[in-house]
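# Fold and contact review
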Amino acid sequence: MGGNQRELARERNAKKQGGNKVKKEDGLTHEQRKQRDADIMRQKQEKKKEMEKATGQAKS
């Protein structure tokens, strides 16, 4: 058993979290992940614009 305090703390925390790794593997390539994230951001932006439009009309 070895390692410095930071490594040991990291291992203990990983055990507490159920062994979840820091990096999640979703089976996507970098380009696929980039496209997925861009789509999600577009959806969020559209939703925000709709909300602003709806609240703007309600205030008028």
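Scroll up for the structure.
Attention in this report is confined to the structure presented alongside it. Think of each chain on its own: its residues are numbered from 1, step by step along the sequence as written. Totals for whole chains, interfaces and linings use all residues, but because this is a predicted model, local features are given only for residues with pLDDT of at least 70 and pairs of side-chain atoms are given and counted only at 80 or more. Side-chain numbers come from the whole structure's heavy atoms, not from hydrogens or water.

## So, the overall build of the chain
This is how the line gets drawn: Strands here mean DSSP runs of E at least two residues long; helices mean DSSP runs of H or I at least four residues long; both are numbered from the N terminus. Buried means the residue's accessible area, taken with a 1.4 Å probe over protein chains only, is under 20% of the maximum for its type, while exposed means over 50%, and partly exposed covers the values in between. The accessible surface values rely on the Shrake-Rupley method and a 1.4 Å probe; as for residues, cover is taken only from the protein chains in view.
Counting its secondary structure elements, the chain contains 2 helices and 0 strands. Every one of the 60 residues in the chain was classed for burial, and the buried ones make up 0%. Here the chain has roughly 6,300 Å² of accessible surface; of this, 51% comes from carbon and sulfur atoms.

## With respect to helix α1 (residues 5–16)
Heads up, the condition is: Given a helix with a known number of residues, its expected span is that number minus one, times 1.5 Å. For this analysis, a polar contact is any N or O atom pair within 3.5 Å, provided that within protein one partner can donate a hydrogen and the other can accept it, and provided that sequence-adjacent residues contribute only side-chain to side-chain pairs.
End to end, α1 covers 16 Å across 12 residues, agreeing with the expected 16 Å (1.5 Å per residue, within 8%). Sitting at the amino-terminal end of α1 is Asn4, which places a side-chain oxygen 3.2 Å from the backbone nitrogen of Arg6. At the exit of α1 stands Gly18, carrying a positive phi of roughly 85 degrees.

## Quick word on the pattern of salt bridges
Quick reminder of the rule: Here, a salt bridge means any Lys or Arg side-chain nitrogen found within 4 Å of an Asp or Glu carboxyl oxygen.
Tallying each qualifying case throughout the model produces 2 salt bridges. Put simply, Asp37 and Arg36 hold a salt bridge, and the shortest N to O gap is 3.3 Å. Judged by relative accessible area, Arg36 falls into the partly exposed class, the value being 34%. Between Arg42 and Asp39 there is a salt bridge; the shortest N-O distance is 2.6 Å.

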